[in-house]
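Survey of secondary and tertiary structure
Read off the chains here:
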Amino acid sequence: MNETKKRNGSKEFDAAQEAHYDQLAAWAETADIGPDARITKSAEPEAGRSLLEAALGSPEAVRRAVGKPSLSSKGTSPSRSLRLPADMDAQLVERAEQEHRNPSAIIRDALAQYLAKAS
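Residues numbered from 1 in each chain as written. Predicted model: local features only at pLDDT ≥ 70, side-chain atom pairs only at ≥ 80, totals over all residues. Heavy atoms only, no water.

**Considering the packing of helix H2 (residues 15-30) against helix H3 (residues 47-56)**
Remark: H2 packs on H3, axes separated minimally by 9 Å, with the N-to-C direction vectors making an angle of 110°. One finds that H2 runs roughly perpendicular with respect to H3. Counted together, His 20, Tyr 21 and Leu 24 of H2 and Leu 51, Ala 54 and Ala 55 of H3 form the full contact between these two elements. The class makeup of the residues in the contact of H2 with H3 is five nonpolar, one polar and no charged. (Axes fitted to C-alpha atoms, helices over the stretch in contact; angles between N-to-C directions. Helix = DSSP H or I, 4+ residues; strand = E, 2+ residues; numbered from the N terminus. Parallel < 35°, antiparallel > 145°, perpendicular 65-115°, else oblique. Contact = heavy atoms within 4.5 Å. Nonpolar A, V, L, I, M, F, W, Y, C, P; charged D, E, K, R; others polar.)

Written out as C-alpha cells, the structure is:
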C-alpha cells in the first residue's frame, strides 16, 4: 500500500491534494509558534475542522479522532441506546430545554438516583 493510501484509508489523493497535504504536514511539524504569538479566530466558520480534515484525510477521521469527552475517569465511556415512547421523549426534551441541559444528562441523573435507591 502506498503512502497516500495509508494516510487516507483507501481513497487516493490527486497530485494537487498530495502536494497540499505535504505542505500542511511540513507546516505542522516546523511551525514556530512562540510564547508571544497571537492566534485569532478565523473569519471562516469551521476553519479548524477544515484543517483537521485536510490533516486527517476525511470528515470521518476527524469524528473518530475528536469524538466526545469521556464521562469515565479514564478510557472511553460505555454507550447505551434505549427506545422511549413518543410522549415520554417529548416530556424529556421539554424538561431538558427548561433546565438548559441535554436529555442524556437527565437520563444519567435519573438512573443514578434509581441505582442509589436500589442498593
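That shown, we press on.
**Some points on the pattern of salt bridges**
Per the stated rule, a full pass over the model turns up three salt bridges. A salt bridge links Glu 99 to Arg 95; its shortest N-O distance comes to 3.4 Å. Placement of the pair is Glu 99 and Arg 95 together in helix H5 (residues 86-99), with a separation of four residues, close to one helical turn. On the accessibility criterion, Glu 99 (33% relative accessible area) is partly exposed. The partly exposed category is assigned to Arg 95, whose relative accessible area is 43%. Here Arg 101 ties to Glu 99 by a salt bridge, and the two come within 3.0 Å at their closest N and O atoms. Note on Arg 101: relative accessible area 31%, which makes it partly exposed. Among the ionic contacts, a cluster of salt bridges with common partners joins Arg 95, Glu 99, Arg 101 and Asp 109. (Salt bridge = Lys/Arg side-chain N within 4 Å of Asp/Glu carboxyl O. Buried < 20%, exposed > 50% of the residue type's maximum accessible area, 1.4 Å probe, protein only.)

**What to know about the packing of H3 against helix H4 (residues 59-66)**
H4 packs onto H3 with a crossing angle of 105° between their chain directions and a minimal axis gap of 8 Å. Of the possible angle classes, the one that applies to H3 and H4 is roughly perpendicular. Across the interface between the two elements, Arg 49, Leu 52, Glu 53 and Leu 56 from H3 touch Pro 59, Ala 61, Val 62, Ala 65 and Val 66 from H4. Counted by class, the contact of H3 with H4 contains seven nonpolar, no polar and two charged residues.

Distances and angles like these do not, on their own, reveal function.
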